[in-house]
Number of protein chains: 2
Amino acid sequence: MLPRDSAQPPPGVGPVPGADTRQRLLDAAERLFAERSYEATSLRQVTAAAGANLAAVNYHFGSKQGLFRAVFLRRIEPINTERMGRLAALEAGEAAGQPVVLEELLRALMEPALDLARQEDGRWFARLVGRAFSEPGEHWTAVDAEFHEVRSAFVRAFARSLPHLPPTTLGWRLFFALGVQCVLLAGASQHQRITGGLAGDLAPEVVLDELVAFAAAGLRAPAGEPGT
Amino acid sequence: MLPRDSAQPPPGVGPVPGADTRQRLLDAAERLFAERSYEATSLRQVTAAAGANLAAVNYHFGSKQGLFRAVFLRRIEPINTERMGRLAALEAGEAAGQPVVLEELLRALMEPALDLARQEDGRWFARLVGRAFSEPGEHWTAVDAEFHEVRSAFVRAFARSLPHLPPTTLGWRLFFALGVQCVLLAGASQHQRITGGLAGDLAPEVVLDELVAFAAAGLRAPAGEPGT
DNA sequence: GTCTATATCCTGATAGAC
DNA sequence: GTCTATCAGGATATAGAC
């Protein structure tokens, strides 16, 4: 009997004097899960930051994992929809005889997520989702299915775009390319520390260009590089 | 008055019937911190896995963070020593007129850590250290200083090896290159899931080659890639 | 829908006997 | 060095009044 996705108060009513508890819980949890981590964040911290009651979490989301799942689904669904739309557009052109340029495929995959990172209300989520790659925990495996469709569709598209690569090589390079994207999402704010302050800040649009250029060059690297 | 690094029982005595509690605690904590996470691991789980008493953690390491720090330092110091040694060798050749090849610089940085990942007793630590890049938490900032020396030495070497790159571009690309390494350390076991089973398993030596080839190509990508 | 109050359990840390 | 026992507090989750 949880009001999962139902019964928002009628729109256009104005400030809604305190009715959007659900929304405020999602916002607060998103920020805290990103800033600390899922395990390090307590429901007490979430409800305090949201100005809500402790019991509200269980009422609206059933459990802490349910809260995490809701935080995650709220933002990943639009992103994945946009990714699939862009991929479909590229594939339509491909069917019409226009071969897909690797850089455009990378942008179709990465730009929707990186766009979020530069919007004020999406920065926390970007940091959070960047850790999906490497952070262990049940909260992640419980939402892993949301990646499947996009992942396999893009893997197929990359395989068509790089037909000369042996499958195992392609697999590892895609792993690297997806990994760089996640690392950027998770840690862009730390890059100054990591590179020893070598680079100044870069405008976010330029960072996307850098990311795409780096990943494309890596994917296109000559195969069979000799060792030491 | 903690026996931080003192008084191991005399070597050559044999099984040491139960005297190496400290070592067993480090091993158990390393595995659990890597498998779950620092926050998700309780000291009770650690001591149970180590066959030790709960109070032993506080006796040997002072606190949970002290335990983490000890787990970390035990392995990172030899790795960083080897990295600096290899870098010094490359720089000696450089001073003698032999320019440093980018791939060799990358191998000097990455091979010591990836070697660990393929040794039975280093696999857990590899997974753990791979998350240093993106995982938040005080336990990480408390050991961050251990990276400084190696980081800045290699950043300078990369800058000399890629003199044509503007500093900001170099900064981002190094961020990406270091990020790919961490992603591989943290998630090599997950790469099958992520790439949709496209790639079979690859022998670890070959993975290093793939990583170096990918990162080198990314670092050398033509600058000023045009946007969409 | 929102609240108070509470149940149940686990957390890191410590005191002090052996 | 290792143990038992325990402290003080925080964790998730729920029951039930309003």
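Structure first, text after, so check above.
Analysis parameters
Residues numbered from 1 in each chain as written. Chains lettered and ligands numbered in written order. Predicted model: local features only at pLDDT ≥ 70, side-chain atom pairs only at ≥ 80, totals over all residues. Heavy atoms only, no water. Contact = heavy atoms within 4.5 Å. Buried area = accessible area lost by both parts, 1.4 Å probe. Salt bridge = Lys/Arg side-chain N within 4 Å of Asp/Glu carboxyl O. Polar contact = N/O pair within 3.5 Å; in protein donor to acceptor, adjacent residues only side chain to side chain. Helix = DSSP H or I, 4+ residues; strand = E, 2+ residues; numbered from the N terminus. Nonpolar A, V, L, I, M, F, W, Y, C, P; charged D, E, K, R; others polar. Near = heavy atom within 4 Å. Disulfide = S-S within 2.5 Å. Buried < 20%, exposed > 50% of the residue type's maximum accessible area, 1.4 Å probe, protein only.

S.K.: Pulling in residues and values, what's your account of the interface of chain A and chain B?
M.R.: Between chain A and chain B, the contact holds 58 residues from the first and 58 residues from the second. Across the chain A/chain B interface, buried area totals approximately 5,400 Å², and carbon plus sulfur atoms make up 71% of it. Applying the counting rule to chain A against chain B returns two salt bridges. A salt bridge links Glu210(A) to Arg173(B), with the nearest nitrogen and oxygen atoms 3.5 Å apart. The tally of links from chain A across to chain B stands at four residue pairs in polar contact (both at pLDDT 80 or more). When contributions to the side of chain A that touches chain B are tallied by element, the ones reaching two or more residues are helix H1 (21-35), helix H5 (102-118), helix H8 (145-161), helix H9 (167-187), helix H10 (191-194) and helix H11 (204-219) of chain A. Broken down by element, the side of chain A that touches chain B gets its largest block of residues, 18 residues, from H9(A). Class assignment of the residues belonging to the side of chain A that touches chain B gives a composition of 30 nonpolar, 14 polar and 14 charged.

S.K.: Requested: an account of the protein's contact with DNA strand D, with residues and values cited.
M.R.: Close contacts around DNA strand D come from 17 residues, with Leu43(A), Arg44(A), Lys64(A), Thr21(B) and Asn53(B) the closest. Here a phosphate oxygen of DNA strand D and a backbone polar atom of Leu43(A) are 2.9 Å apart. Asn53(B) is positioned such that a nitrogen or oxygen atom in its side chain is 3.3 Å from a phosphate oxygen of DNA strand D. Secondary structure elements with two or more residues in the surface near DNA strand D: helix H2 (43-50) and helix H3 (54-61) of chain A together with helix H3 (54-61) of chain B. Taken together, the residues that form the surface near DNA strand D break down as six nonpolar, eight polar and three charged.

S.K.: Which residues make up the protein's contact with DNA strand C, and what values go with them?
M.R.: Not every one of the 16 residues close to DNA strand C is listed here, only the nearest: Thr21(A), Asn53(A), His60(A), Leu43(B) and Lys64(B). Take Asn53(A): an N or O atom from its side chain is 3.1 Å from a phosphate oxygen of DNA strand C. Thr41(B) places a main-chain nitrogen or oxygen 3.5 Å from a phosphate oxygen of DNA strand C. For the surface near DNA strand C, the elements supplying multiple residues, two or more each, are H3 of chain A together with helix H2 (43-50) and H3 of chain B. The residue makeup of the surface near DNA strand C, split by class, is six nonpolar, eight polar and two charged.

S.K.: Before we move on, can you summarise the state of the cysteines with the specific residues and values?
M.R.: On inspection of all chains with the given rule, the structure shows zero disulfides over all chains. For the unlinked cysteine Cys182(A), the closest cysteine sulfur is that of Cys182(B), found at 13 Å. By relative accessible area, Cys182(A) is classed as buried at 11%.

S.K.: Tell me about the pattern of salt bridges, and please be specific about residues and values.
M.R.: This model, assessed by the stated rule, comprises 34 salt bridges over all chains. A salt bridge links Arg69(A) to Glu146(A), with the shortest nitrogen-to-oxygen separation between them at 4.0 Å. Residue Arg69(A) is located in helix H4 (residues 64-95), and its partner Glu146(A) is located in helix H8; the two are separated by 77 residues in the primary sequence. Of the residues examined, Arg69(A) reaches a relative accessible area of 31% and is grouped as partly exposed. Overall, the relative accessible area of 25% leaves Glu146(A) in the partly exposed class. Between Arg107(B) and Asp209(B) there is a salt bridge whose closest N-O contact spans 3.0 Å. Of this pair, Arg107(B) sits in helix H5 (residues 102-118) while Asp209(B) is found in helix H11 (residues 204-219), placing the two residues 102 residues apart along the sequence. In this structure, a network of salt bridges that share partners links the residues Asp27(A), Glu30(A), Arg74(A), Arg75(A) and Asp121(A).

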